[in-house]
Number of protein chains: 2
Amino acid sequence: MKLIIDAMSGDNAPEAIVSGCVMAAREFGQEYILVGKEDVIRDLLKKENAEDLPISIHPAADVIDMHDDPATAVRRKKDSSMSAALYLLRDGGGDAVISAGNTGALLSGATLVDKRIKGIRRAALPTALPCKGGRVLLLDSGANAECTPEYLLQFAYMGSFYMEKVMGVKNPRVGLVNNGAEDTKGDTLRKETYQMLQQAAAEGRINFVGNVEGSDVPKGACDVAVADGFTGNVMLKTVEGVASFLMGELKNIFLQNTRTKFAYLLLKPAMGGLKKLLSASEVGGAPFLGISKPVFKAHGSSDARAIRSAVKQAMAYVDADVVGEIERNIDHMTL
Amino acid sequence: MKLIIDAMSGDNAPEAIVSGCVMAAREFGQEYILVGKEDVIRDLLKKENAEDLPISIHPAADVIDMHDDPATAVRRKKDSSMSAALYLLRDGGGDAVISAGNTGALLSGATLVDKRIKGIRRAALPTALPCKGGRVLLLDSGANAECTPEYLLQFAYMGSFYMEKVMGVKNPRVGLVNNGAEDTKGDTLRKETYQMLQQAAAEGRINFVGNVEGSDVPKGACDVAVADGFTGNVMLKTVEGVASFLMGELKNIFLQNTRTKFAYLLLKPAMGGLKKLLSASEVGGAPFLGISKPVFKAHGSSDARAIRSAVKQAMAYVDADVVGEIERNIDHMTL
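Residues numbered from 1 in each chain as written. Chains lettered and ligands numbered in written order. Predicted model: local features only at pLDDT ≥ 70, side-chain atom pairs only at ≥ 80, totals over all residues. Heavy atoms only, no water.

Student: How do you make sense of the pairing of strand E5 (residues 127–131) of chain A when you look at a structure like this?
Tutor: Residues in a regular strand project their side chains so that they alternate between the two faces of the sheet. Residue and element names in this part refer to chain A. For E5, the tally of buried residues reaches five of five residues, placing the bulk of the element in the interior. By the alternation rule, side chains of E5 split into Thr 127, Leu 129 and Cys 131 and Ala 128 and Pro 130, which are all buried. As consecutive antiparallel partners, E5 and strand E6 (residues 134–139) are separated by two residues, and within that stretch Gly 133 has a phi angle of approximately 90°, a positive value. (Buried < 20%, exposed > 50% of the residue type's maximum accessible area, 1.4 Å probe, protein only. Helix = DSSP H or I, 4+ residues; strand = E, 2+ residues; numbered from the N terminus. Pairing = 2+ DSSP bridges.)

Student: Just checking my understanding: could you explain helix H2 (residues 38–47) of chain B for this structure?
Tutor: Residues that lie three or four places apart on an α-helix share one face, since the helix turns once every 3.6 residues. Residue and element names in this part refer to chain B. Regarding H2, the residues found buried are Ile 41, Leu 44 and Leu 45. Down the axis of H2, the buried side of the element spans an arc of 100°, and every buried residue falls inside it. Counted as exposed and oriented over 90 degrees from the buried face of H2: Asp 39 and Lys 47. The inward-facing, buried residues of H2 abut helix H1 (15–28), strand E2 (31–36) and strand E3 (55–59). (Arc of directions from axis to C-beta. Contact = heavy atoms within 4.5 Å.)

Student: Even after reading the chapter, I still don't get the relation of the copies chain A and chain B, so can you show me in this structure?
Tutor: The operation relating the pair of chain copies consists of a rotation about an axis and a translation along that axis. Once chain A has been moved 0.0 Å along the axis and rotated by 180°, it coincides with chain B to within an RMSD of 0.0 Å. Classification of the inter-copy transformation places it as that of a two-fold axis. By C-alpha distance to the rotation axis, the residue of chain A lying nearest is Ala 263 of chain A, at 2.1 Å. (Least-squares fit on C-alpha atoms with pLDDT ≥ 70 in both.)

Student: How should I be thinking about the side chain of Thr 193 of chain B in this particular structure?
Tutor: All names here are of chain B. Inspection of the secondary structure puts Thr 193 in helix H7 (residues 188–202). For Thr 193, a relative accessible area of 0% puts it in the buried group. If near-sequence neighbours (up to four positions away) are discounted, Thr 193 is found in contact with Pro 149, Leu 152 and Leu 176.

Student: I tried to follow the interface of chain A and chain B on my own but got confused; where do I start?
Tutor: As a measure of interface size, the accessible area lost when the parts come together is often cited. Facing 47 residues of chain A, the contacting portion of chain B comprises 47 residues. Buried area between chain A and chain B, both sides added, is near 4300 Å², and the carbon and sulfur share of it is 74%. Sorting the residues of chain A by area buried against chain B places Phe 230, Phe 245 and Leu 266 of chain A first, and these three jointly supply 15% of that buried surface. Where chain A meets chain B, there are two salt bridges. The partner of Glu 213 of chain B in a salt bridge is Lys 237 of chain A, and the shortest N-O contact between them spans 2.2 Å. Here chain A is connected to chain B by six residue pairs in polar contact (both at pLDDT 80 or more). Of all the elements in the fold, those that place two or more residues in the side of chain A that touches chain B are E5, helix H7 (188–202), helix H8 (229–254) and helix H9 (258–278) of chain A. (Buried area = accessible area lost by both parts, 1.4 Å probe. Salt bridge = Lys/Arg side-chain N within 4 Å of Asp/Glu carboxyl O. Polar contact = N/O pair within 3.5 Å; in protein donor to acceptor, adjacent residues only side chain to side chain.)

Student: Can you help me understand the packing of H8 of chain A against helix H8 (residues 229–254) of chain B in this one?
Tutor: Helix packing for two helices is described by the angle between their axes and how far apart those axes are. Relative orientation of the contacting elements H8 of chain A and H8 of chain B amounts to 35°, with a least axis distance of 9 Å. In the packing of H8 of chain A onto H8 of chain B, the handedness of the crossing is right-handed. Contact with H8 of chain A, carried on its side by Phe 230, Thr 231, Val 234, Met 235, Thr 238, Val 239, Val 242, Ala 243, Leu 246 and Leu 250 of chain A, involves Phe 230, Thr 231, Val 234, Met 235, Thr 238, Val 239, Val 242, Ala 243, Leu 246 and Leu 250 of chain B of H8 of chain B and no other residues of that element. Grouping the constituent residues of the contact of H8 of chain A with H8 of chain B by class yields 16 nonpolar, four polar and no charged. (Axes fitted to C-alpha atoms, helices over the stretch in contact; angles between N-to-C directions. Left-handed = near helix turned anticlockwise from the far one by under 90°. Nonpolar A, V, L, I, M, F, W, Y, C, P; charged D, E, K, R; others polar.)

Student: Explanation requested: the state of the cysteines in the structure shown.
Tutor: Working definition: the covalent bond between the sulfur atoms of two cysteines is a disulfide. Under the criterion given, the structure shown has zero disulfides over all chains. Here Cys 222 of chain B stays unpaired: no disulfide links it, and the sulfur of Cys 131 of chain B, its closest cysteine neighbor, is 7.9 Å away. (Disulfide = S-S within 2.5 Å.)

Student: Where do I start with the sheet that holds strand E9 (residues 224–226) of chain A in this structure?
Tutor: Adjacent strands of a sheet pair through backbone hydrogen bonds, lying either parallel or antiparallel. Residues and elements named next belong to chain A. The strand order across the open sheet formed by five strands is E5-E6-E9-E7-E8, and the pairing between neighbours is mixed. In this open sheet, the two strands that pair with only one neighbour each are E5 and strand E8 (207–212). If you compare each strand with its neighbour and ignore which way they point, the axes differ by 30° on average. In this structure, strand E7 (residues 173–177) lies alongside E8, joined through five bridges in parallel fashion. Looking at E8, one finds that Arg 173 is bridged to Asn 207.

Student: Just to check I follow, could you spell out the packing of aromatic side chains for this structure?
Tutor: Centre distance and the angle of the planes are the two values used to describe a pair of aromatic rings. In this structure the tally under the stated criterion is eleven aromatic pairs over all chains. Ring geometry for Phe 254 of chain A against Tyr 264 of chain A: centres 4.8 Å apart, planes inclined by 40°, an arrangement best described as tilted. Of this pair, Phe 254 of chain A sits in helix H8 while Tyr 264 of chain A sits in helix H9, placing them ten residues apart in sequence. Just above the ring of Phe 230 of chain A sits the side chain of Arg 190 of chain B; from NZ or CZ to the centre is 3.8 Å. (Phe/Tyr/Trp six-rings, centres within 6.5 Å; stacked < 30°, edge-to-face > 60°. Lys NZ or Arg CZ within 6 Å of the ring centre and 35° of its normal.)

Student: Please clarify how a nonpolar patch on the surface should be interpreted in this entry.
Tutor: Judged by side-chain polarity, Phe 262 and Leu 265 of chain A together with Phe 262 and Leu 265 of chain B come together as a nonpolar surface patch covering roughly 410 Å² of accessible area. As for its position among the elements, Leu 265 of chain A is in helix H9. (Patch = residues over 30% accessible without salt bridge, like charges linked within 9 Å, V, L, I, M, F, W, Y side chains within 5 Å. Areas by Shrake-Rupley, 256 points an atom, 1.4 Å probe, with all protein chains shown as cover.)

Student: Looking at this structure, I do not really get the environment of Ala 145 of chain B. What am I missing?
Tutor: Within the secondary structure, Ala 145 of chain B sits in the loop between strand E6 (134–139) and helix H6 (149–165). Assessed through its relative accessible area of 22%, Ala 145 of chain B is described here as partly exposed. Residues Ala 145 of chain B and Ala 270 of chain B, spaced 125 residues apart in sequence, show a C-alpha to C-alpha distance of 39 Å. Excluding residues within four positions of it along the chain, Ala 145 of chain B makes contact with Asn 179, Gly 186 and Asp 187 of chain A together with Asp 228, Gly 229 and Phe 230 of chain B.

Student: What is the right way to read unusual backbone geometry from this model?
Tutor: Residues apart from glycine generally show negative phi values, whereas peptide bonds are mostly found in trans. Here the residue pair Leu 139 of chain A and Asp 140 of chain A is connected by a cis peptide bond, since its omega of 0° sits within 30 degrees of zero. By the element assignment, Asp 140 of chain A lies in the loop between E6 and helix H6 (149–165). The residue Lys 115 of chain A is not glycine, and still its phi comes out positive at about 70°. Tracing the sequence through the fold places Lys 115 of chain A in the loop between helix H5 (103–114) and E5. Not every positive phi belongs to a glycine, and Asp 321 of chain B is a case in point at roughly 50°. One can find Asp 321 of chain B in the loop between helix H10 (304–320) and helix H11 (322–333). A relative accessible area of 34% means that Asp 321 of chain B is categorised as partly exposed.

Student: I'm lost on the side chain of Glu 150 of chain B in this one. Help?
Tutor: Residue and element names in this part refer to chain B. If you trace the backbone, Glu 150 turns up in helix H6. A polar contact of 3.0 Å, which involves the side chain of Glu 150, links it to the backbone nitrogen of Leu 335. Once residues within four sequence positions are removed from consideration, Glu 150 is found in contact with Arg 121, Met 196, Met 333, Thr 334 and Leu 335.

Student: I keep staring at the pattern of salt bridges and nothing clicks. Help me out?
Tutor: Side-chain pairs of opposite charge can arise where the charged atoms are in close proximity. Evaluated as defined, the whole model comprises 26 salt bridges over all chains. Here Arg 190 of chain B makes a salt bridge to Asp 228 of chain B, at a shortest N to O gap of 2.7 Å. Highlighted residues: Arg 190 of chain B in helix H7 and Asp 228 of chain B in the loop between strand E9 (224–226) and H8, separated in sequence by 38 residues. Asp 321 of chain B is the salt-bridge partner of Arg 328 of chain B, the closest N and O atoms lying 3.7 Å from each other. Look at Arg 328 of chain B and you get exposed, because its relative accessible area is 56%. Beyond isolated ion pairs, a larger network of salt bridges with shared partners links Lys 165, Asp 321, Glu 325 and Arg 328 of chain A.

Student: What am I meant to see in the packing of H6 of chain A against H7 of chain A here?
Tutor: Residue and element names in this part refer to chain A. Interhelical geometry of H6 versus H7 gives an angle of 45° and a closest axis separation of 9 Å. Between H6 and H7, the angle falls in the class oblique. Remark: the crossing between H6 and H7 carries right-handed chirality. Judged by residue contacts, Pro 149, Glu 150, Leu 152, Leu 153, Ala 156 and Tyr 157 of H6 engage Leu 189, Glu 192, Thr 193, Met 196, Leu 197 and Ala 200 from H7. Among the residues making up the contact of H6 with H7, the classes are represented as nine nonpolar, one polar and two charged. (Parallel < 35°, antiparallel > 145°, perpendicular 65-115°, else oblique.)

Quick look at the structure:
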């Protein structure tokens, strides 16, 4: 497999990206193409003593940053690392793109260059949130602020395929994020989507478990939580915000006095699991589901370890052929 | 002041309600009317040795429960404790109603019987969420799933008045819950609302601090977080769900072995503040903002202490004359 990595995008680019790529190459093998400023990348690879690893460089002089308009950035900055990576993927130069750059620009670019799967109305960005017992896939977690019931139906299918094929969850439970558990809850969008999901469940195509409330998702009530991108984004950010707030309060408690500091030392070994659960680096990133080629979005704040995890996830995504699975089922996913 | 309390509604009614009323009467003075089954309430008051307190009983034979249709319950069950309380308020029999019953039924009933303030399009249910540094008022937190920009503008004003007059926050910072911090973020509803809030800020009427993301709210980035009732409900439930999930994980860590159990004993005294912050009993409840008389919704799961807190909040709401403040400003709050 050949992985195309946008070396110049993300808060910690290019150092963390190159370093993460080196980690991945050492751990997983495979071939890698780092896209970006050739001399900069070459120097970094030298520093990492990574010159004999199967990592090549595809030169791109420009970088898309946070000030570029996401809708037009990839088209206008054709020589940016992100654009070059997406064109390289389109032209068969590799099997997947991984980028920690601007989400909106990457999505628009992937849609423009690599195209959506035929019949898919909108690509969705899923996020694997920590929950009781593991992870729940929330989608759309921010790509599409305004949605139709058909988009949400497609998100349900795509999330279900992803959880089954990439995350190994058998018969994943799909929940519709709503403002109450009863069938009749929600606005027009939710009510219409509910009917469609129920129909898909009746035909045995997805395992729809009904409406889920915001409180049900962290409890692990479903494996796939379906939401429009506005609600999904608010939910995702709220999870992050509350977790960070509570961990901060806890830290204040630990620092309160000698007793609590001592207690922290006793707890520290046992706290590792919780920290790991809340850490974005463990998941690394997620693909834009619905794009006809694997385009993987890594966190903007990715460190080397997060890039390594994103590579791992991207490899699993390619191997599982989720794109093919969506294509084979597209007739059931459109109105 | 005379407080009308629906004694029969809520998960722990009537015991916890009567007991909370007795706590309030002992602590705050004032007069109370418990609405519900006379003999049951009388027995409970006797048990509490509360017969000389200024608590009277207004008889109502029926109860609205979770199986009643919220939209029609108050109209159809006229002799329910909730309906009787709302009519008593309308007819001047007291200064505020407090009920731990079905939120939808209470809102529909309050709208039907006690009416909205003239010019207010929809009453909102605010929730005081824990955040860094104190509490943030989220509204609407569930009463109105589908909203217009005008509703959200009104929520912003009403929330602002509530935080200033009842919670004592000077010049409260109003944020619009959105899927990004930039001005241009959001769906049509958010974009239109943003313009209106900015206009209100330019006129010096509210302290609008711009868009807030889900992660900004727990960080205490604003005092009033404005959302449609769908998003607000998902956000509120997510906060509850994540808090409960993390506290559960923490409990598991504490129970892991002898060392961690000992650590917990050392931490316990310092954990009180966090527990209090996350406890619904400390806030008690919230008024339906926009109803022309004070109608207070206490948590369905209220224990006696939560009812006592709800009484305290309701008294502050009456004293602050938020209803009058809304009426005096209504011209700026309508299109």
